[in-house]
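Secondary and tertiary structure notes
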Amino acid sequence: MTSVPAPRATSLKDFQKAGWSDGDYTSVAGSTVIASEQLMETLDLRPGSRVLDAACGSGNATIAAARRFAQVTGLDFSPAMLEAARRRLEVERVDAALVEGDVERLPFDDGEFDVVVSAFGAMFAPDQKRTAAELLRVCRPGGRIGLACWTENGALGELFRIMSTYIPPTPGVPNPTDWGDPESLRALFGDGVVEIRSVPRDFVFRYRSPEHWMEHFRSNFGPTRMTFSVLSKNRAAALERDLVAMWHERNRATDGCLVAPVEYLEAVLVKAE
């Protein structure tokens, strides 16, 4: 195997792993399945392609690629996420290898994959430059990197801003939504890519109400659960009010339901030969 940089053991990484492992991420990630399916169609993924899903979570993009008969490997640093992905693969009756590992230190050879994808995953790694370099390293020359990432001005970008007023971001750690900006992607990947094609897309959150969204995310989404767990009762109540108010403002439904577009950037990067 090609040598890779030594891992960066940080309390932040441990905190992230605990947060993403908590709750029931699969019940939340179901709303974003459409983005992974769209990404595979944009990539025009071919059967037999060697595909890495980096920071695969509970397997949305892994399953989308496997449905197209690619040779898929899903990688995540959370054993709980990988177990959820394993169960879903069995139900879907598709095949993929699942590997525990860190996107900042991928345990694969240089150029091992034809296509590297990440749907709302790699963007959360603390070291963005190292993560981009690792995605490039394991992609073959002329291969492609497909990304789906939240944007700064979309609903999730606003959600992150609201939450950061209650739990300030770690100093020196870039904003994850930088991955949702084409110019930031160019800076991250540099001369390692010869082409970046990107388009902003929406999918739609559909819940019984903004309050139902809040209940669902507070109960099931690990990072939200962890944030609320460290706030005082009064601060937690204030955060809940702010998040519910945000969804009321973005809601396009008039019947009490929540029907709210959520913007993300879909990008395909072509690695230099």
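Just so you know, these numbers come straight off a predicted model, no measurement behind them.

**Examining the sheet that holds strand β6 (residues 193–207)**
Strand order across the open sheet formed by 7 strands is β3-β2-β1-β4-β5-β7-β6, with mixed pairing between neighbours. Each having just a single partner strand, β3 (97–100) and β6 make up the two edges of the open sheet. Mean inter-strand twist for the sheet, computed between neighbouring axes without regard to direction, equals 20 degrees. Relative to β3, strand β2 (residues 71–76) is paired through 4 bridges, and the arrangement is parallel. The partner of L75 across the bridge, within β3, is V99. Contacting β1 (50–54), β4 (113–119), β5 (139–150), β6 and β7 (258–271), helix α6 (residues 128–138) crosses the sheet at an angle of about 140 degrees to β5.

**What about the pairing of β7?**
Counting buried residues in β7 gives 12 out of 14 residues, a clear majority hidden from the surface. Looking at chain direction, β5 and β7 are connected through 7 bridges and run antiparallel. Across the sheet, residue G146 finds its bridge partner in β7, namely V268. Examined bridge by bridge, β6 and β7 share 14 bridges and lie antiparallel to one another. The partner of V199 across the bridge, within β7, is E266.

Cut-offs applied
- Residues numbered from 1 in each chain as written.
- Predicted model: local features only at pLDDT ≥ 70, side-chain atom pairs only at ≥ 80, totals over all residues.
- Heavy atoms only, no water.
- Pairing = 2+ DSSP bridges.
- Helix = DSSP H or I, 4+ residues; strand = E, 2+ residues; numbered from the N terminus.
- Axes fitted to C-alpha atoms, helices over the stretch in contact; angles between N-to-C directions.
- Contact = heavy atoms within 4.5 Å.
- Buried < 20%, exposed > 50% of the residue type's maximum accessible area, 1.4 Å probe, protein only.

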